[in-house]
Structure formats: structure tokens, C-alpha cells
Amino acid sequence: MREISDKYQLDDVIITREQIEDRAAEIGRNITRDYEGREVVFVGVLRGAVMWLSEVIKSVDLDTTLDFMVVSSYGDSTKTSGVVRIVKDVAEDMKGRHVILVEDIVDTGRTLSYIKAHIAGKGAASVSTCTLLDKPSRHEINMDIEYVGFTVGDEFIVGYGLDLAQRYRNLPYITSVSAKD
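Rules and cut-offs
Residues numbered from 1 in each chain as written. Predicted model: local features only at pLDDT ≥ 70, side-chain atom pairs only at ≥ 80, totals over all residues. Heavy atoms only, no water. Buried < 20%, exposed > 50% of the residue type's maximum accessible area, 1.4 Å probe, protein only. Helix = DSSP H or I, 4+ residues; strand = E, 2+ residues; numbered from the N terminus. Pairing = 2+ DSSP bridges. Right-handed = clockwise from strand over helix to strand, strands pointing away. Core = buried A, V, L, I, M, F, W, Y, C linked by side-chain atoms within 4.5 Å. Contact = heavy atoms within 4.5 Å. Polar contact = N/O pair within 3.5 Å; in protein donor to acceptor, adjacent residues only side chain to side chain. Arc of directions from axis to C-beta. Expected span 1.5 Å × (residues − 1). Axes fitted to C-alpha atoms, helices over the stretch in contact; angles between N-to-C directions. Parallel < 35°, antiparallel > 145°, perpendicular 65-115°, else oblique. Left-handed = near helix turned anticlockwise from the far one by under 90°.

## A look at the pairing of strand 6 (residues 98-106)
Turning to step 1, where the next piece is worked out: Counting buried residues along strand 6, 9 of its 9 residues qualify, which places the element largely inside the surrounding structure.
Turning to step 2, where the next piece is worked out: As defined by bridge partners, strand 3 (residues 40-46) adjoins strand 6 across 5 bridges and the pair is classed as parallel. Considered in strand 6, the bridge of G44 is made with V102.
Turning to step 3, where the next piece is worked out: Two strands pair when backbone bridges link them, and strand 6 and strand 7 (residues 126-134) are joined in this way by 8 bridges, in the parallel orientation. For I105, the partnering residue across the bridge sits in strand 7 and is L133.
Turning to step 4, where the next piece is worked out: On the question of chirality, the crossover connecting strand 6 to the parallel strand 7 by way of helix 3 (residues 110-120) is right-handed.

Set out below in C-alpha cells:
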């Protein structure tokens, strides 16, 4: 454990860099197989999905384009506000395209469900989802997530793109944050 403030500490490593890289390569190969012969638009949800997206696309052998969205539901808290807000929308035309939304973590499912409906409303031919982490115990919305890196428990997670008040995204592994006693 590592003390990070007067309130929080980083716990032990939950998922290593090597485990993340291996799983991303496997998912990239699965996407290649599933979308054979089609062009795919990867839409990364900034900022948290950047590292995961870059790992996954390394193993995708298809014609691809990238776009990004900025969506907010957490602010600087460890709990979601429940209000999803698009801060920056995609720049690419989504009409008739196969889109894979890439998220860092699916918690309640509200954000991903909202984004998926938003992209579908732009006329996408298909919209699939890919997340580094899934927290099924917190889901409030029932939805399919086609590509899941890892399933985690109900801890607050940081590292590999995930943050606490914009910090700890650069950790090369996944760990949880807990309140100090």
C-alpha cells in the first residue's frame, strides 16, 4: 500500500501490465476476426480509455479510423454523479459505419449506454463496446459489452488510464484506492 493523500491510499496491484497487454492482444485478434472485411471506427472515451485503446488496436488487423469523445459523469469524486454530459462529440461522420466504443470502465452502465445510443442515433451501421474493466455488481442498466478486458469488484480503481481527480492515470497497472483508517 502507498499513501497518496491524507484521505486515500493505493492498494496492492490487482492487474499487471503484462496481463493487460496479453488481454488487449487477445481482444484485438477477436475484433479482427469479428469484423473481417469491414472498416471499423474506434471511438475512445477520453481520457481514461486512451491507454487501453492504444493496446487493443495494436493487434487489430483491419482498416480502422480513430475518433474520440469526452464525456463526464464523475468530476473529481470517487462516485458517479449519475448525470452523463458530452463535453466533446465525435468529429467523424458515423453514418453507415461500424463503431467500437472503447471505455476504461463500465460501472453503472449509464455512460456507455448513453454514448451507444448517441452514436446509434448518428446512423452507425453497428455499435459495439469494448472496456478495460467491467463492474457487473454496480450495473444499473442491462447491456451487452462485447469485449471485456477484466471483471473487477466494487472497489474504486485507478491506473492504466483510470484516475482519481485526474491523478494516477499513468500507473502501468490496475490498483484500487481505499480510504485511510
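## Observations regarding the nonpolar core
Turning to step 1, where the next piece is worked out: With 27 residues, the main nonpolar core has I31, W52, L132, L133 and I174 as its most contacted residues.
Turning to step 2, where the next piece is worked out: Residue assignment for this core shows that the elements contributing at least two residues are helix 1 (17-34), strand 3, helix 2 (50-57), strand 6, strand 7 and strand 8 (147-151).
Turning to step 3, where the next piece is worked out: When residues of this core are assigned to their parent elements, the largest contribution, 4 residues, is made by helix 1.
Turning to step 4, where the next piece is worked out: Excluding its chain neighbours within four sequence positions, the residues that come into contact with I31 are F42, V56, V60, L62, I100 and Y147.
Turning to step 5, where the next piece is worked out: One finds V45, L101, V106 and V127 within the second-largest nonpolar core, a separate group that totals 19 residues.

## Re the side chain of T131
Turning to step 1, where the next piece is worked out: Here T131 shows up in strand 7.
Turning to step 2, where the next piece is worked out: One polar contact links the side chain of T131 to the main-chain carbonyl oxygen of D104, over a distance of 3.4 Å.
Turning to step 3, where the next piece is worked out: Reaching out from T131, the side chain makes a polar contact with the backbone nitrogen of I105 at a distance of 3.5 Å.
Turning to step 4, where the next piece is worked out: Setting aside its immediate chain neighbours within four residues, T131 contacts W52, E103, D104, I105, V106, I145, Y147, V148 and G149.

## Brief notes about helix 3
Turning to step 1, where the next piece is worked out: Those residues of helix 3 lying buried are T111, L112, I115 and I119. Seen along its axis, helix 3 keeps its buried residues to an arc of 90°; they face one direction.
Turning to step 2, where the next piece is worked out: Those residues of helix 3 hidden inside the fold are in contact with strand 3, strand 4 (64-72), strand 6 and strand 7.

## Some words on helix 1
Turning to step 1, where the next piece is worked out: With 18 residues, helix 1 should reach 26 Å at 1.5 Å per residue; the first-to-last C-alpha distance of 26 Å fits that figure.
Turning to step 2, where the next piece is worked out: Within the sequence span of helix 1, burial applies to I20, A24, A25, I27, G28, I31 and T32.

## Some words on the packing of helix 1 against helix 2
Turning to step 1, where the next piece is worked out: Contact geometry of helix 1 with helix 2 gives a least axis separation of 7 Å together with a crossing angle of 55°. Between helix 1 and helix 2, the angle is such that the two are oblique. Two packed elements cross with a definite hand, and for helix 1 against helix 2 that hand is right-handed. Facing helix 1, whose interface residues are I20, E21, R23, A24, I27, G28 and I31, helix 2 presents W52, E55 and V56.

## Description of the environment of I105
Turning to step 1, where the next piece is worked out: Its place among the elements puts I105 in strand 6.
Turning to step 2, where the next piece is worked out: Distance from I105 to V152, taken between C-alpha atoms, is 9.5 Å for residues 47 residues apart in sequence.

Geometry only, nothing functional implied.
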